[in-house]
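One letter stands for each residue in the lines below.
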Amino acid sequence: MSLTRTLFDDDHRLFRESAAAFVDREILPRAEEIREARRIPAELWLTAGEMGFLGVAVPEEHGGSDVDFRYNAIFNEELSRAGMAYSSSFTIHSDVCAPYLTRLTTDEQKARWLPKFCSGEMITAIGMTEPEAGSDLQGLKTTARRDPAHPGEWVINGSKTFITNGAHAGMVIVAARTATDPKGRGISLFAVEEGMEGFTRGRKLHKVGQHEADTAELFFENVRVTDDALIGEVDRGFHHMMEHLAQERLGSSISNLANAAHILGVTLEYIKSRKAFGRPVGTFQNSRFLVADLQTRVDVTQAFVDRCIEAHVAHQLSAVDAAKAKWWSAEVQNVVIDACVQLHGGYGYMEEYEVAHAWMDARVTKIWAGSNEIMKEIIGRDLGLGEVRP
(Lines give C-alpha, C1' and ligand atoms only; values in the text may rest on other atoms or scores of the structure.)
Protein backbone atom coordinates (compact mmCIF):
# COMPACT_ATOMS: atom_id res chain seq x y z
CA MET A 1 0.00 0.00 0.00
CA SER A 2 1.44 3.36 -1.04
CA LEU A 3 1.85 6.36 1.24
CA THR A 4 -1.15 8.69 1.39
CA ARG A 5 -0.72 11.76 -0.80
CA THR A 6 -1.07 14.87 1.36
CA LEU A 7 -1.33 17.72 -1.14
CA PHE A 8 -5.10 17.51 -1.74
CA ASP A 9 -7.95 18.62 0.54
CA ASP A 10 -11.64 17.71 0.57
CA ASP A 11 -12.52 20.19 -2.19
CA HIS A 12 -9.84 18.68 -4.40
CA ARG A 13 -11.18 15.20 -3.74
CA LEU A 14 -14.69 16.27 -4.75
CA PHE A 15 -13.27 17.77 -7.92
CA ARG A 16 -11.50 14.48 -8.65
CA GLU A 17 -14.78 12.61 -8.36
CA SER A 18 -16.28 14.94 -10.96
CA ALA A 19 -13.25 14.62 -13.26
CA ALA A 20 -13.26 10.84 -12.93
CA ALA A 21 -16.97 10.75 -13.78
CA PHE A 22 -16.30 12.85 -16.90
CA VAL A 23 -13.65 10.39 -18.06
CA ASP A 24 -15.74 7.32 -17.23
CA ARG A 25 -18.94 8.63 -18.78
CA GLU A 26 -17.82 10.79 -21.70
CA ILE A 27 -14.50 9.34 -22.89
CA LEU A 28 -14.05 5.66 -22.10
CA PRO A 29 -17.28 4.42 -23.77
CA ARG A 30 -16.23 6.22 -26.98
CA ALA A 31 -12.50 5.53 -26.84
CA GLU A 32 -12.29 3.35 -29.95
CA GLU A 33 -14.51 5.67 -31.98
CA ILE A 34 -12.42 8.71 -31.02
CA ARG A 35 -9.17 6.88 -31.76
CA GLU A 36 -10.36 5.96 -35.25
CA ALA A 37 -11.55 9.51 -35.94
CA ARG A 38 -8.11 10.82 -34.89
CA ARG A 39 -9.54 13.82 -33.09
CA ILE A 40 -11.35 14.64 -29.88
CA PRO A 41 -14.90 15.63 -30.92
CA ALA A 42 -16.07 19.21 -30.47
CA GLU A 43 -18.93 18.15 -28.21
CA LEU A 44 -16.46 16.62 -25.75
CA TRP A 45 -14.69 19.97 -25.46
CA LEU A 46 -18.04 21.68 -24.86
CA THR A 47 -18.95 19.17 -22.16
CA ALA A 48 -15.59 19.69 -20.47
CA GLY A 49 -16.22 23.43 -20.59
CA GLU A 50 -19.73 23.10 -19.20
CA MET A 51 -18.39 21.03 -16.29
CA GLY A 52 -15.78 23.70 -15.49
CA PHE A 53 -12.64 21.76 -16.39
CA LEU A 54 -11.20 24.15 -18.98
CA GLY A 55 -11.14 27.39 -17.03
CA VAL A 56 -9.78 26.37 -13.65
CA ALA A 57 -7.02 29.00 -13.92
CA VAL A 58 -9.20 31.72 -15.47
CA PRO A 59 -10.72 34.59 -13.42
CA GLU A 60 -14.37 34.12 -12.50
CA GLU A 61 -15.47 37.26 -14.35
CA HIS A 62 -14.40 35.61 -17.60
CA GLY A 63 -16.08 32.27 -17.00
CA GLY A 64 -13.45 30.42 -15.00
CA SER A 65 -13.09 29.35 -11.39
CA ASP A 66 -9.62 30.81 -10.64
CA VAL A 67 -8.43 28.01 -8.37
CA ASP A 68 -4.95 26.67 -7.68
CA PHE A 69 -2.89 24.40 -9.93
CA ARG A 70 -3.76 21.29 -7.92
CA TYR A 71 -7.09 21.25 -9.74
CA ASN A 72 -5.24 21.25 -13.07
CA ALA A 73 -3.16 18.34 -11.79
CA ILE A 74 -6.24 16.33 -10.82
CA PHE A 75 -7.92 16.80 -14.20
CA ASN A 76 -4.65 15.87 -15.88
CA GLU A 77 -4.30 12.68 -13.83
CA GLU A 78 -7.84 11.55 -14.54
CA LEU A 79 -7.49 12.22 -18.27
CA SER A 80 -4.29 10.17 -18.28
CA ARG A 81 -6.31 7.10 -17.30
CA ALA A 82 -8.06 7.37 -20.65
CA GLY A 83 -4.82 7.90 -22.53
CA MET A 84 -1.96 10.31 -23.04
CA ALA A 85 -3.66 11.98 -26.01
CA TYR A 86 -6.46 13.30 -23.79
CA SER A 87 -4.17 14.75 -21.17
CA SER A 88 -1.99 16.23 -23.92
CA SER A 89 -4.84 17.86 -25.86
CA PHE A 90 -6.82 19.23 -22.94
CA THR A 91 -3.82 20.43 -20.94
CA ILE A 92 -2.24 22.20 -23.92
CA HIS A 93 -5.41 24.28 -23.75
CA SER A 94 -6.04 24.60 -20.01
CA ASP A 95 -2.49 24.37 -18.60
CA VAL A 96 -0.15 25.62 -21.33
CA CYS A 97 -2.13 28.27 -23.21
CA ALA A 98 -4.14 29.53 -20.22
CA PRO A 99 -1.27 31.37 -18.45
CA TYR A 100 -0.44 33.33 -21.60
CA LEU A 101 -4.05 34.43 -21.93
CA THR A 102 -4.61 35.26 -18.27
CA ARG A 103 -1.28 36.89 -17.36
CA LEU A 104 -0.06 38.59 -20.53
CA THR A 105 -3.23 39.96 -22.10
CA THR A 106 -5.08 43.26 -21.84
CA ASP A 107 -8.55 43.55 -20.31
CA GLU A 108 -10.00 43.82 -23.81
CA GLN A 109 -8.23 40.65 -24.94
CA LYS A 110 -9.38 38.77 -21.85
CA ALA A 111 -12.99 39.76 -22.46
CA ARG A 112 -12.70 38.76 -26.13
CA TRP A 113 -11.06 35.37 -25.73
CA LEU A 114 -11.46 33.89 -22.27
CA PRO A 115 -15.24 33.20 -22.14
CA LYS A 116 -14.99 31.06 -25.30
CA PHE A 117 -11.79 29.50 -23.96
CA CYS A 118 -13.58 28.37 -20.78
CA SER A 119 -16.69 27.11 -22.55
CA GLY A 120 -14.77 24.97 -25.04
CA GLU A 121 -16.12 26.94 -27.99
CA MET A 122 -12.59 28.06 -28.84
CA ILE A 123 -9.88 25.40 -28.65
CA THR A 124 -6.35 26.75 -28.36
CA ALA A 125 -2.88 25.61 -29.40
CA ILE A 126 0.62 27.00 -29.06
CA GLY A 127 2.89 27.32 -32.09
CA MET A 128 6.50 27.07 -30.98
CA THR A 129 7.98 24.06 -32.79
CA GLU A 130 9.17 24.47 -36.36
CA PRO A 131 10.59 22.01 -38.91
CA GLU A 132 14.11 23.18 -38.04
CA ALA A 133 13.55 24.39 -34.46
CA GLY A 134 12.27 21.93 -31.90
CA SER A 135 13.77 22.27 -28.44
CA ASP A 136 15.92 25.17 -29.72
CA LEU A 137 13.52 28.09 -29.37
CA GLN A 138 16.29 30.48 -30.34
CA GLY A 139 16.27 28.97 -33.82
CA LEU A 140 12.77 30.17 -34.76
CA LYS A 141 12.45 31.27 -38.39
CA THR A 142 8.81 32.37 -38.43
CA THR A 143 8.79 36.17 -38.66
CA ALA A 144 6.41 39.00 -37.85
CA ARG A 145 7.26 42.33 -39.49
CA ARG A 146 5.58 45.67 -39.06
CA ASP A 147 4.02 47.03 -42.22
CA PRO A 148 5.25 50.64 -42.67
CA ALA A 149 2.30 51.38 -44.93
CA HIS A 150 -0.20 50.28 -42.27
CA PRO A 151 0.79 51.41 -38.76
CA GLY A 152 -0.35 49.02 -36.09
CA GLU A 153 -0.26 45.99 -38.38
CA TRP A 154 2.09 43.00 -38.51
CA VAL A 155 2.69 40.51 -41.32
CA ILE A 156 3.49 36.93 -40.24
CA ASN A 157 5.30 34.42 -42.45
CA GLY A 158 6.56 30.97 -41.61
CA SER A 159 5.44 27.52 -40.53
CA LYS A 160 5.02 25.34 -37.45
CA THR A 161 4.89 21.57 -37.04
CA PHE A 162 3.89 18.93 -34.47
CA ILE A 163 1.22 21.32 -33.11
CA THR A 164 -1.19 19.57 -30.75
CA ASN A 165 -4.79 20.74 -31.35
CA GLY A 166 -3.43 22.37 -34.51
CA ALA A 167 -5.97 20.91 -36.92
CA HIS A 168 -8.99 22.29 -35.06
CA ALA A 169 -7.76 25.15 -32.90
CA GLY A 170 -9.77 28.35 -33.09
CA MET A 171 -6.69 30.26 -31.91
CA VAL A 172 -2.99 29.53 -32.05
CA ILE A 173 -0.47 31.44 -29.93
CA VAL A 174 2.33 31.86 -32.47
CA ALA A 175 5.94 32.58 -31.57
CA ALA A 176 7.54 34.74 -34.26
CA ARG A 177 10.81 36.57 -34.61
CA THR A 178 10.32 40.33 -34.53
CA ALA A 179 13.98 41.37 -34.23
CA THR A 180 17.42 39.95 -34.86
CA ASP A 181 19.23 39.04 -31.66
CA PRO A 182 21.95 36.40 -31.33
CA LYS A 183 20.90 35.62 -27.76
CA GLY A 184 17.43 34.52 -28.80
CA ARG A 185 15.55 37.60 -27.71
CA GLY A 186 13.52 39.50 -30.25
CA ILE A 187 10.64 36.98 -30.32
CA SER A 188 7.03 38.05 -29.87
CA LEU A 189 3.78 36.13 -29.38
CA PHE A 190 0.68 36.67 -31.51
CA ALA A 191 -2.84 35.26 -31.46
CA VAL A 192 -3.63 33.93 -34.93
CA GLU A 193 -7.28 33.02 -35.23
CA GLU A 194 -9.15 30.62 -37.45
CA GLY A 195 -10.26 32.22 -40.70
CA MET A 196 -7.49 34.81 -40.97
CA GLU A 197 -6.36 35.18 -44.57
CA GLY A 198 -3.08 33.40 -45.21
CA PHE A 199 -3.40 31.08 -42.20
CA THR A 200 -3.70 27.49 -43.44
CA ARG A 201 -3.34 24.06 -41.94
CA GLY A 202 -1.30 21.33 -43.57
CA ARG A 203 -1.80 17.64 -43.17
CA LYS A 204 -2.99 16.17 -39.92
CA LEU A 205 0.11 14.24 -38.93
CA HIS A 206 -0.19 10.48 -38.49
CA LYS A 207 1.78 9.65 -35.38
CA VAL A 208 2.96 6.30 -34.04
CA GLY A 209 0.70 6.80 -31.02
CA GLN A 210 -1.73 9.25 -29.43
CA HIS A 211 -4.05 8.99 -32.41
CA GLU A 212 -6.85 10.78 -30.59
CA ALA A 213 -4.85 14.03 -30.49
CA ASP A 214 -4.98 16.01 -33.71
CA THR A 215 -1.45 17.12 -34.49
CA ALA A 216 -0.88 19.33 -37.50
CA GLU A 217 1.40 21.48 -39.60
CA LEU A 218 0.50 25.17 -39.71
CA PHE A 219 1.43 27.70 -42.40
CA PHE A 220 1.43 31.49 -42.31
CA GLU A 221 1.67 33.33 -45.62
CA ASN A 222 1.43 37.08 -45.23
CA VAL A 223 -1.01 36.73 -42.34
CA ARG A 224 -1.98 40.22 -41.21
CA VAL A 225 -2.68 40.88 -37.55
CA THR A 226 -3.06 44.11 -35.64
CA ASP A 227 -1.48 45.21 -32.38
CA ASP A 228 -4.45 43.81 -30.47
CA ALA A 229 -3.29 40.31 -31.46
CA LEU A 230 0.02 40.79 -29.63
CA ILE A 231 0.26 38.74 -26.42
CA GLY A 232 2.69 40.23 -23.91
CA GLU A 233 5.46 42.63 -24.85
CA VAL A 234 7.14 43.08 -28.22
CA ASP A 235 10.48 41.23 -28.39
CA ARG A 236 9.88 39.64 -24.96
CA GLY A 237 8.27 36.43 -26.19
CA PHE A 238 11.33 34.30 -25.45
CA HIS A 239 11.24 35.43 -21.82
CA HIS A 240 7.49 34.87 -21.64
CA MET A 241 7.94 31.31 -22.92
CA MET A 242 10.75 30.59 -20.47
CA GLU A 243 8.56 31.81 -17.60
CA HIS A 244 5.78 29.39 -18.53
CA LEU A 245 7.75 26.31 -19.58
CA ALA A 246 8.10 25.10 -15.97
CA GLN A 247 4.32 24.66 -15.71
CA GLU A 248 4.21 22.87 -19.06
CA ARG A 249 6.94 20.48 -17.96
CA LEU A 250 5.30 19.89 -14.62
CA GLY A 251 2.04 19.10 -16.41
CA SER A 252 3.91 16.63 -18.61
CA SER A 253 5.37 14.99 -15.50
CA ILE A 254 1.93 14.62 -13.95
CA SER A 255 0.44 12.93 -16.99
CA ASN A 256 3.50 10.71 -17.55
CA LEU A 257 3.31 9.33 -14.04
CA ALA A 258 -0.47 9.01 -13.84
CA ASN A 259 -0.54 7.07 -17.10
CA ALA A 260 2.27 4.77 -15.95
CA ALA A 261 0.56 4.14 -12.61
CA HIS A 262 -2.72 3.31 -14.35
CA ILE A 263 -1.14 0.86 -16.79
CA LEU A 264 0.81 -0.78 -13.97
CA GLY A 265 -2.47 -1.28 -12.11
CA VAL A 266 -4.09 -2.83 -15.19
CA THR A 267 -1.08 -5.12 -15.61
CA LEU A 268 -1.10 -6.18 -11.97
CA GLU A 269 -4.69 -7.38 -12.33
CA TYR A 270 -3.82 -9.14 -15.59
CA ILE A 271 -0.91 -11.15 -14.14
CA LYS A 272 -3.03 -12.25 -11.20
CA SER A 273 -5.40 -14.06 -13.55
CA ARG A 274 -3.32 -14.89 -16.66
CA LYS A 275 -1.79 -18.35 -16.31
CA ALA A 276 1.39 -19.90 -17.66
CA PHE A 277 2.59 -23.42 -16.83
CA GLY A 278 -0.54 -23.94 -14.77
CA ARG A 279 -0.13 -20.95 -12.42
CA PRO A 280 -0.78 -17.18 -12.52
CA VAL A 281 2.02 -15.23 -14.22
CA GLY A 282 2.24 -12.96 -11.20
CA THR A 283 3.25 -15.80 -8.89
CA PHE A 284 6.62 -16.32 -10.57
CA GLN A 285 9.53 -14.75 -8.71
CA ASN A 286 10.59 -12.75 -11.78
CA SER A 287 7.14 -11.20 -12.01
CA ARG A 288 7.03 -10.36 -8.30
CA PHE A 289 10.49 -8.79 -8.36
CA LEU A 290 9.77 -6.86 -11.54
CA VAL A 291 6.44 -5.45 -10.33
CA ALA A 292 8.02 -4.56 -6.97
CA ASP A 293 10.67 -2.59 -8.88
CA LEU A 294 8.10 -0.84 -11.06
CA GLN A 295 5.78 0.08 -8.18
CA THR A 296 8.70 1.50 -6.21
CA ARG A 297 9.75 3.65 -9.17
CA VAL A 298 6.20 5.00 -9.50
CA ASP A 299 5.80 5.70 -5.78
CA VAL A 300 9.17 7.41 -5.34
CA THR A 301 8.62 9.51 -8.46
CA GLN A 302 5.15 10.45 -7.25
CA ALA A 303 6.64 11.87 -4.06
CA PHE A 304 8.94 14.16 -6.05
CA VAL A 305 6.24 15.24 -8.52
CA ASP A 306 3.86 16.00 -5.65
CA ARG A 307 6.54 18.13 -4.04
CA CYS A 308 6.96 19.98 -7.33
CA ILE A 309 3.21 20.60 -7.48
CA GLU A 310 3.29 22.05 -3.96
CA ALA A 311 6.25 24.26 -4.90
CA HIS A 312 4.45 25.46 -8.03
CA VAL A 313 1.31 26.34 -6.07
CA ALA A 314 3.56 28.39 -3.76
CA HIS A 315 5.22 30.02 -6.82
CA GLN A 316 8.54 28.41 -5.88
CA LEU A 317 9.05 25.77 -8.60
CA SER A 318 12.37 26.30 -10.36
CA ALA A 319 13.03 25.54 -14.02
CA VAL A 320 15.65 23.03 -12.90
CA ASP A 321 13.30 21.05 -10.67
CA ALA A 322 10.66 21.08 -13.42
CA ALA A 323 13.30 19.68 -15.80
CA LYS A 324 14.15 16.93 -13.30
CA ALA A 325 10.50 15.97 -12.95
CA LYS A 326 9.90 16.02 -16.69
CA TRP A 327 12.78 13.81 -17.82
CA TRP A 328 12.65 11.40 -14.92
CA SER A 329 8.88 10.85 -15.11
CA ALA A 330 9.16 10.23 -18.86
CA GLU A 331 11.95 7.72 -18.24
CA VAL A 332 9.98 5.94 -15.51
CA GLN A 333 6.84 5.90 -17.64
CA ASN A 334 8.61 4.25 -20.56
CA VAL A 335 10.39 1.70 -18.34
CA VAL A 336 7.14 0.81 -16.59
CA ILE A 337 4.98 0.49 -19.69
CA ASP A 338 7.60 -1.46 -21.64
CA ALA A 339 7.79 -3.93 -18.75
CA CYS A 340 3.99 -4.11 -18.66
CA VAL A 341 3.97 -5.09 -22.35
CA GLN A 342 6.44 -7.86 -21.51
CA LEU A 343 4.28 -9.09 -18.64
CA HIS A 344 1.30 -9.31 -20.99
CA GLY A 345 3.30 -11.53 -23.33
CA GLY A 346 2.10 -11.67 -26.93
CA TYR A 347 -1.17 -10.02 -25.98
CA GLY A 348 0.75 -6.91 -24.99
CA TYR A 349 1.54 -6.38 -28.66
CA MET A 350 -2.09 -6.57 -29.75
CA GLU A 351 -3.89 -3.28 -30.44
CA GLU A 352 -7.06 -4.34 -28.67
CA TYR A 353 -5.13 -4.32 -25.39
CA GLU A 354 -4.85 -1.04 -23.52
CA VAL A 355 -1.20 -1.64 -22.70
CA ALA A 356 -0.25 -1.70 -26.39
CA HIS A 357 -1.76 1.74 -26.99
CA ALA A 358 -0.11 3.09 -23.86
CA TRP A 359 3.25 1.78 -25.08
CA MET A 360 2.88 3.58 -28.41
CA ASP A 361 1.57 6.73 -26.73
CA ALA A 362 4.37 6.99 -24.17
CA ARG A 363 7.45 7.06 -26.38
CA VAL A 364 7.08 10.72 -27.33
CA THR A 365 7.16 11.90 -23.72
CA LYS A 366 10.95 11.65 -23.75
CA ILE A 367 10.95 14.09 -26.70
CA TRP A 368 8.23 16.70 -26.25
CA ALA A 369 8.13 19.62 -23.78
CA GLY A 370 11.89 19.73 -24.26
CA SER A 371 13.75 16.48 -24.96
CA ASN A 372 15.20 14.55 -22.04
CA GLU A 373 18.66 15.47 -23.28
CA ILE A 374 17.79 19.17 -23.04
CA MET A 375 16.42 18.61 -19.53
CA LYS A 376 19.72 17.04 -18.47
CA GLU A 377 21.58 19.95 -20.03
CA ILE A 378 19.54 22.39 -17.92
CA ILE A 379 20.26 20.40 -14.78
CA GLY A 380 23.95 19.98 -15.59
CA ARG A 381 24.46 23.67 -16.20
CA ASP A 382 22.76 24.43 -12.89
CA LEU A 383 25.37 22.22 -11.24
CA GLY A 384 28.09 24.50 -12.58
CA LEU A 385 29.02 22.26 -15.51
CA GLY A 386 28.44 24.66 -18.37
CA GLU A 387 30.32 24.25 -21.62
CA VAL A 388 33.91 25.48 -21.44
CA ARG A 389 34.96 27.37 -24.54
CA PRO A 390 38.65 27.71 -25.48
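Refer to the preceding data block for the structure.
Residues numbered from 1 in each chain as written. Predicted model: local features only at pLDDT ≥ 70, side-chain atom pairs only at ≥ 80, totals over all residues. Heavy atoms only, no water.

1. With respect to empty space enclosed by the protein
Summed over the entire model, instances satisfying the criterion amount to 2 cavities of 30 Å³ or more. What lines the largest cavity is Ile 40, Trp 45, Ser 89, Ile 123, Asn 165, His 168, Ala 213 and Asp 214. Classifying every residue of the lining of the largest cavity gives 4 nonpolar, 3 polar and 1 charged. Taken as a whole, the second largest cavity holds about 40 Å³ of empty space. Around the second largest cavity, the lining residues are Arg 35, Gly 209, Gln 210, His 211, Glu 212, His 357 and Asp 361. Residue composition of the lining of the second largest cavity, grouped by class: no nonpolar, 4 polar and 3 charged. (1 Å grid on protein atoms, 1.4 Å probe; cavity = no way out; pocket = protein on both sides within 12 Å on 5 of 7 lines; lining within 4 Å. Points joined across faces, edges and corners; volume = space filled by probe spheres on them. Nonpolar A, V, L, I, M, F, W, Y, C, P; charged D, E, K, R; others polar.)

2. As for a nonpolar patch on the surface
Taken together, the side chains of Tyr 347, Tyr 349, Met 350 and Trp 359 define a hydrophobic patch exposed on the protein surface, amounting to about 420 Å² of accessible area. By the element assignment, Trp 359 lies in helix α10 (residues 354-362). Of the residues examined, Trp 359 reaches a relative accessible area of 32% and is grouped as partly exposed. (Patch = residues over 30% accessible without salt bridge, like charges linked within 9 Å, V, L, I, M, F, W, Y side chains within 5 Å. Areas by Shrake-Rupley, 256 points an atom, 1.4 Å probe, with all protein chains shown as cover. Salt bridge = Lys/Arg side-chain N within 4 Å of Asp/Glu carboxyl O. Helix = DSSP H or I, 4+ residues; strand = E, 2+ residues; numbered from the N terminus. Buried < 20%, exposed > 50% of the residue type's maximum accessible area, 1.4 Å probe, protein only.)

3. Regarding the packing of helix α5 (residues 84-103) against helix α6 (residues 107-119)
The interhelical angle for the contact between α5 and α6, taken along N-to-C directions, is 165°, at an axis separation of 11 Å. As judged from the angle between their axes, α5 and α6 are roughly antiparallel. Here α5 and α6 pass one another in a crossing that is left-handed. Of the residues in α6, those touching α5 at His 93, Ser 94, Cys 97, Ala 98, Leu 101 and Thr 102 are Lys 110, Trp 113, Leu 114 and Phe 117. Here the contact of α5 with α6 is composed, by residue class, of 6 nonpolar, 3 polar and 1 charged. (Axes fitted to C-alpha atoms, helices over the stretch in contact; angles between N-to-C directions. Parallel < 35°, antiparallel > 145°, perpendicular 65-115°, else oblique. Left-handed = near helix turned anticlockwise from the far one by under 90°. Contact = heavy atoms within 4.5 Å.)

4. Focus on a negative patch on the surface
Negative charge collects at one region of the surface, where Glu 60, Glu 61, Asp 66 and Asp 107 lie side by side. With respect to the secondary-structure elements, Glu 61 resides in the loop between α3 (42-50) and α4 (69-82). (Lys, Arg positive; Asp, Glu negative; His and termini not counted. Charge placed at Lys NZ, Arg CZ, Asp CG, Glu CD.)

5. A closer look at the packing of α4 against helix α7 (residues 237-273)
α7 packs onto α4 with a crossing angle of 40° between their chain directions and a minimal axis gap of 8 Å. One way to sum up the angle between α4 and α7 is to call them oblique. Crossing of α4 over α7 shows right-handed handedness. Residues Phe 69, Ala 73, Asn 76, Glu 77, Ser 80 and Arg 81 of α4 lie in contact with α7, whose contacting residues are Gln 247, Leu 250, Gly 251, Ile 254, Ser 255, Ala 258, Asn 259 and His 262.

6. Remarks on the side chain of Ser 188
Here Ser 188 lies in strand β5 (residues 187-193). A relative accessible area of 0% places Ser 188 in the buried class. A polar contact is formed between the side chain of Ser 188 and the side chain of Thr 178, at a distance of 2.8 Å. Beyond its immediate chain neighbours, meaning those up to four positions away, Ser 188 contacts Val 174, Ala 175, Ala 176, Thr 178, Leu 230, Glu 233, Val 234, Asp 235 and Gly 237. (Polar contact = N/O pair within 3.5 Å; in protein donor to acceptor, adjacent residues only side chain to side chain.)

7. Comments concerning the layout of surface pockets
Taken as a whole, the second largest pocket encloses approximately 660 Å³ of empty space. Lining the second largest pocket are 28 residues, with Leu 3, Arg 5, Glu 77, Gln 302 and Asp 306 positioned closest to its centre. Breaking the lining of the second largest pocket down by element, the ones donating at least two residues are α1 (10-27), α4, α7 and α8 (285-313). The element that contributes the greatest number of residues to the lining of the second largest pocket is α8, accounting for 10 residues. Its residues placed into classes, the lining of the second largest pocket shows 12 nonpolar, 6 polar and 10 charged.

8. Re the packing of aromatic side chains
Throughout the structure, instances matching the rule amount to 14 aromatic pairs. One aromatic cluster is present, built from ring pairs that chain together Phe 15, Phe 22, Trp 45, Phe 53, Tyr 71, Phe 75 and Phe 90. Here the basic side chain of Arg 16 rests over the ring of Phe 8, its NZ or CZ set 5.2 Å away from the ring centre. The side chain of Lys 376 reaches across the aromatic face of Trp 327, ending 4.5 Å from its centre. (Phe/Tyr/Trp six-rings, centres within 6.5 Å; stacked < 30°, edge-to-face > 60°. Lys NZ or Arg CZ within 6 Å of the ring centre and 35° of its normal.)

9. Regarding the nonpolar core
Formed by 50 residues in total, the largest nonpolar core has its most connected members in Phe 22 and Phe 90. Among the elements of the structure, α1, α3, α4, α5, α7, α8, α9 (319-344) and α10 are those that each provide at least two residues to this core. It is α9 that contributes the most residues to this core, 8 residues altogether. Excluding anything up to four places from it in sequence, Phe 90 contacts Ile 40, Leu 44, Trp 45, Ala 48, Leu 54, Phe 75 and Leu 79. If you look at the next biggest cluster of nonpolar residues, it comprises 28 residues, including Tyr 100, Leu 101, Met 171 and Ala 175. (Core = buried A, V, L, I, M, F, W, Y, C linked by side-chain atoms within 4.5 Å.)

10. A word on the side chain of Thr 124
Of note, Thr 124 is situated in strand β1 (residues 124-127). Thr 124 sits in the buried class, given a relative accessible area of 0%. At 2.8 Å, the side chain of Thr 124 forms a polar contact with the side chain of His 93.

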